[in-house]
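Tertiary structure, described
Below, each chain spelled out in residue letters.
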Amino acid sequence: FGQLLATRPDLLPQEYIDELAGLHDTADPLPFETLAPVLRAELGKETGELFASIDPAPIGSASMAQVHRARTHAGAEVVIKIQRPGIERTIERDLKVIFLIAHIIREIEDLSHFDPIGTARVFEHSIRRELDFRHELHNAARIARHAKEPRVRIPAAFAELSSHRVLTLEFLPGATLAQSDAPPALRHELARELTSAMFRQIFVEGVFHADPHPGNILVLPDGALGLIDFGSAGRLPPSSIGELVGFLTSLVRRDYQLLARQIMKSGYAAHATDQKELAAELMECLDPYYDAPLAEIDLGPI
C-alpha cells in the first residue's frame, strides 16, 4: 500500500513520497536457505536438478518475494522470484489495518472523494491475485507476445520453472529508472518509447502492466528499457477501450458537449444530471489546464 501511495503526489506531500519510494525495491533480505524449501516444494525437485547455478545473494528483496539470479541447465540467464514464507498471514493482517485506515480517511472531508474504502477493496483484490505467481507468468507472456517497440523489452517466461509461489523469467541487466543516471536527452527519448508501449498495451491489446513505478522499469546497458514485475496487470474489453478512446478524443479536441454526452451514455453520471450543465462545468474545470505546464497541474483538485 505504501508503494501505491508513493506514486500519488496528488495525495501526499513530496517528503512522504520520497520516504515511501524506498518501499519499491527494498526489504530486509532472507537467507537463501530459508527460501530453498519453497523452491523444492513448489517445483518438486532439488535445486541442483532445477538450475545449473543459483546466486545465494539476492538482487532484489521486496515485501512479497525475493529475487535471485540463476542459470538454467540450457545456459539461459534467469531470475527466480521466490515468495516469502508466511507472507499470506502477513497480508491478511495488513489488510485489516488498511481497511481500518480507509474508514478513518473516509471521515476526513478533504479526502473522502478519493473513495478510500473502494481503493482498499481494489488493492485487496490485486494483492490476493499477486500471491499466485501463475497470474504474473501469464501476464508477462501475453504482454511479451504483443510487444512491438524494439527499445522496450519484456522478459521471456519459463513456465516449466514456475509455479504458484515461484516465478522464473529472463534476466534483464540494468539499473532501475530511479537509480539510472541516463542523460536528459535519452530520458526524453525513452519516455516516448515507454508511452508508446503503454498505449499499445492499453488501447490495442487490452492487457497492460499496471504497476509501472520507477522500481519496475530498468534502463539496460544498450539504452533500451526493460519492464519487470507483472504481478499487477490491467485488462480492458474492447467496449471499454472504445469508451476510453472516446473520452480522450473529446478531451484533446476540447469538445465538452461530446464528453458530457459520453459520460452520460457510459453511466458515470446520475440520470438526473443536466447534460448541458455538465458540459459547462467540465469546461470550467478543465479548460484552464490545457496550456499549463505539467509541473503546475495539481491532480488532486482535478
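Read on for a plain summary of the structure.

Conventions used here
- Residues numbered from 1 in each chain as written.
- Predicted model: local features only at pLDDT ≥ 70, side-chain atom pairs only at ≥ 80, totals over all residues.
- Heavy atoms only, no water.
- Helix = DSSP H or I, 4+ residues; strand = E, 2+ residues; numbered from the N terminus.
- Buried < 20%, exposed > 50% of the residue type's maximum accessible area, 1.4 Å probe, protein only.
- Contact = heavy atoms within 4.5 Å.
- Areas by Shrake-Rupley, 256 points an atom, 1.4 Å probe, with all protein chains shown as cover.
- Lys, Arg positive; Asp, Glu negative; His and termini not counted.
- Charge placed at Lys NZ, Arg CZ, Asp CG, Glu CD.
- Expected span 1.5 Å × (residues − 1).
- Arc of directions from axis to C-beta.
- Polar contact = N/O pair within 3.5 Å; in protein donor to acceptor, adjacent residues only side chain to side chain.
- Salt bridge = Lys/Arg side-chain N within 4 Å of Asp/Glu carboxyl O.
- Core = buried A, V, L, I, M, F, W, Y, C linked by side-chain atoms within 4.5 Å.
- Pairing = 2+ DSSP bridges.
- Axes fitted to C-alpha atoms, helices over the stretch in contact; angles between N-to-C directions.

**Quick word on the overall build of the protein**
Across its full length, the protein holds eleven helices and eleven strands. Each of the three principal axes of the protein carries a C-alpha extent, and together these read 70 × 45 × 35 Å. Within the protein, the proportion of its 302 residues that are buried is 36%. Contacts in the protein between residues at least 24 apart in sequence constitute 57% of all its contacts with a sequence separation of at least 6. Accessible surface computed for the protein: about 17300 Å², of which carbon and sulfur atoms make up 57%. In the protein, 30 side chains carry a positive charge and 43 a negative one; their mean positions are 7 Å apart.

**Some remarks on helix H11 (residues 275-286)**
Quick reminder: α-helices carry 3.6 residues per turn. Residues three or four places apart thus point the same way. Over its twelve residues, H11 runs 16 Å from end to end, which matches the ideal 16 Å to within 8%, given 1.5 Å per residue. Along H11, the positions that sit buried rather than exposed are Leu278, Ala279, Leu282 and Leu286. Around the axis of H11, the buried residues are gathered within 100 degrees of arc, so they sit on the same side. Away from the buried face of H11 by more than 90 degrees, exposed residues Lys276, Glu277, Glu281 and Glu284 are located. Against helix H9 (238-253) and helix H10 (256-266) lie the buried residues of H11. Structurally, the start of H11 carries an N-cap: the backbone nitrogen of Lys276 is 3.0 Å from a side-chain oxygen of Asp274.

**Structural notes on the pattern of salt bridges**
Evaluation of the coordinates by the stated rule reveals 16 salt bridges. With a shortest N-O distance of 3.3 Å, Asp94 and Arg93 are connected by a salt bridge. Judged by relative accessible area, which is 33%, Asp94 ranks as partly exposed. Note that Glu189 is salt-bridged to Arg151, the shortest N-O span being 2.2 Å.

**Examining the nonpolar core**
Core analysis: the biggest nonpolar cluster contains 35 residues, and Met64, Ile91, Ile127, Leu194, Leu225, Leu227 and Phe230 have the highest contact counts within it. Mapped by element, the contributors of at least two residues to this core are helix H5 (87-106), helix H6 (116-130), helix H7 (133-146), strand S6 (166-170), helix H8 (184-205), strand S9 (217-219) and strand S10 (225-227). Looking at this core, the element that brings in the most residues is H5, giving six residues. Residues contacting Leu227, with those up to four places away along its chain left out, are Val152, Arg153, Ile154, Pro155, Leu172, Leu194, Gln201, His209, Asn216 and Ile217.

**Brief notes about the environment of Glu19**
As for its position among the elements, Glu19 is in helix H2 (residues 14-20). Take Glu19: its relative accessible area is 63%, and that puts it in the exposed class. When the C-alpha atoms of Glu19 and Ile82 are compared, they prove to be 26 Å apart, with 63 residues separating the residues in sequence.

**Description of the sheet that holds S9**
What the four strands build is an open sheet, ordered S5-S10-S9-S7; its pairing is mixed. Two strands bound the open sheet, and with one partner strand each, they are strand S5 (152-153) and strand S7 (175-176). In this structure, S5 lies alongside S10, joined through two bridges in parallel fashion. Across the sheet, Val152 pairs through a bridge with Leu225, a residue of S10. Running over the sheet, H8 touches S5, S9 and S10 and is turned about 35 degrees from S10.

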